[in-house]
Structures are given as structure tokens and as C-alpha cells.
Amino acid sequence: MKSKSRALMILVLLTLAFLTIAYVLPVYVVVVTSLKTPAEISARRYLIPSTDLQIENFVTSFELILPSLLNSAIIGFSVTFLCLLVGGLGAYYLARSRSAFARVLFILVGIAVYLPYQVVLIPLVQIVAETGLALTHWGLILSYLILNVPLASVLLGTFFLAVPRELEEAAEVDGASKIQIFFRVVIPVAMPAYASTAIIIFTQVWNEFLLALTLATPRTTTIQIKLAEIKGSFVAHYELQMAAALITLIVPLVFFLALGQYFIRGILAGALKG
């Protein structure tokens, strides 16, 4: 039995070591490449660190991507806030209403979550064009709202189903209105779910490429589009692209660390209690 347990432990450790290497190796290559010169990259020794670290690659990349970084931050934070507000109100109605209409609507919203956004890309572009918001920040914000509000409604609605109704009934007895109950009672209790939803939506918007490529202009270019352009057309500057990619990670990483303590609690609460 001891030999079998030892063999199983060795197998587990080897599997973990393999998965760790598979996950860390691309990150290592990105970091190493971002500090190389173009000549060192041309040598194709991807795993060997540079003998002449090029810190200025990060300075140059930051100057190139700063406008796009600001665009993505404006769009990402705006969409996340509005999705939490609109999606939270809709989720609360769907979770608390007992009508057949609300139940059917909840199912339709759930279906919308799994609908590939490529399917609605052309109608979405037409809607944005008709509203006069095409090729603007607000056009991108509206497009991402249409795509992400159903997700926010489903995630938050699942959590609201687990919130005890007794809390709301007690507040209602004290004379609180539905709006007051939602903002003063339900939201404080649902903060883990809000944090989890915020992380998921912000990450999706920050990493989205196709819609931004379709609707963005040079003035509203998002960071993912800029990362694709920064390499160059005739001479490939991979060192600048890798440095820019590392800088781009900072914003979602800080956002996740700020809300990460609620992330696991929110996901588990919505999945297990709902």
C-alpha cells in the first residue's frame, strides 16, 4: 500500500510540474523577449536571457500604447459600472418576481449569455450606426453593454436567489421602499457577487478584439488593437510588442487584486446556493 501511495504521489507531482512548466514557460518567453534587442530576437534563442537588458523597450512601448491604454480603461470601467447597475436591477427583478413572464425572461436572458456575439455583430453595428454613436467611445460602450448586461443579470440573479427574503421583509416593515431595500440591504449583502461579476466583465471587455477592431477609430483604438499594430508592418518589433503586453497586464491585474478577495466567495455562493 505504501508503494502504491508513493507512486501515486510521484505521479501527482510530475503532473503538477508539467502543468506548471506549460503555464509559466510562455510568460517567461514574453518577459525574456521584452528585454532583448532585435538582433538577439533574430537569433531565435527564445529561452536564453539577454546579455544586454533593454529596459528602454518598456519606456518606448508605454509611450506608444498610452492613448489606447486610456481608451480601454475608460471603456472597460464604464461598461463594468453600467453593467453592474443595469444588470443588478434587472437581476433583482427577475430573482424576486414570481410571474410567468419573469421566469420566461430569465430563461431568455440566460440563452443570450451563450449566444456568440459574432452572430449579432452586423445588427449591433447597424444599431450603433443608427444611434449616431458609431466610431465613438459611447458606441463601443453601448455595444459592450448590449453584450454583457445579460451575463451580469444571470450571475447576479443567481446570487439574489440565495439572499434571504427575511432581510428585505424586515426592511419593508421599517418603511423602506423597493429601491431603498435594493441599494441599502441587498447590495451590501451581495458585494461578493458584484465583485466577481465586475472582474469577469472587465476582463472580457479589456481583452475583446473583434468588436473593437470593427468599431474603433484611431482616436478610440483599444489596447488589444494597439498590441496587434505595435509589432510593425515591415520590420517585426517583437521586443516592443512583448513589453507592451506586460504593461497591458497591469490594469486588469490590479483590478483583480483589489476585488479578488470577494471573487471566489461570489462564484461559490452563486453556484452552490443558487
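The structure under discussion appears in the preceding block.
As the structure is a prediction and not an experimental result, all values here were calculated from the model.

(A) A positive patch on the surface, seen in detail. A surface patch of like charges, here positive, comprises Arg98, Arg103, Arg165 and Lys178. With relative accessibility at 63%, the residue Arg98 sits in the exposed group.

(B) Geometry of helix α8 (residues 178–189). Given a rise of 1.5 Å per residue, 12 residues ought to cover 16 Å, and the 15 Å separating the end C-alpha atoms of α8 matches this to within 8%. Among the residues making up α8, those that are buried are Ile181, Phe182, Val186 and Ile187. Projected onto a plane normal to the axis of α8, the buried residues spread over an arc of 150° and lie on a single side. Summarising the contacts, the buried residues of α8 are in contact with α3 (56–96), α6 (137–160), α7 (165–173) and α9 (191–207).

(C) Local environment of empty space enclosed by the protein. Going through the model one piece at a time under the given rule, you end up with 1 cavity of 30 Å³ or more. What the largest cavity holds in volume is close to 60 Å³. As for the largest cavity, its lining consists of Ser72, Ile75, Gly76, Tyr144, Val205, Trp206, Glu208, Thr222 and Gln224. Residue assignment for the lining of the largest cavity shows that the elements contributing at least two residues are α3 and α9. Ranked by the residues each element gives to the lining of the largest cavity, the list is headed by α3, at 3 residues. Tallied by class, residues from the lining of the largest cavity come to 4 nonpolar, 4 polar and 1 charged.

The rules behind the values
Residues numbered from 1 in each chain as written. Predicted model: local features only at pLDDT ≥ 70, side-chain atom pairs only at ≥ 80, totals over all residues. Heavy atoms only, no water. Patch = residues over 30% accessible without salt bridge, like charges linked within 9 Å, V, L, I, M, F, W, Y side chains within 5 Å. Areas by Shrake-Rupley, 256 points an atom, 1.4 Å probe, with all protein chains shown as cover. Salt bridge = Lys/Arg side-chain N within 4 Å of Asp/Glu carboxyl O. Lys, Arg positive; Asp, Glu negative; His and termini not counted. Charge placed at Lys NZ, Arg CZ, Asp CG, Glu CD. Buried < 20%, exposed > 50% of the residue type's maximum accessible area, 1.4 Å probe, protein only. Helix = DSSP H or I, 4+ residues; strand = E, 2+ residues; numbered from the N terminus. Expected span 1.5 Å × (residues − 1). Arc of directions from axis to C-beta. Contact = heavy atoms within 4.5 Å. 1 Å grid on protein atoms, 1.4 Å probe; cavity = no way out; pocket = protein on both sides within 12 Å on 5 of 7 lines; lining within 4 Å. Points joined across faces, edges and corners; volume = space filled by probe spheres on them. Nonpolar A, V, L, I, M, F, W, Y, C, P; charged D, E, K, R; others polar.

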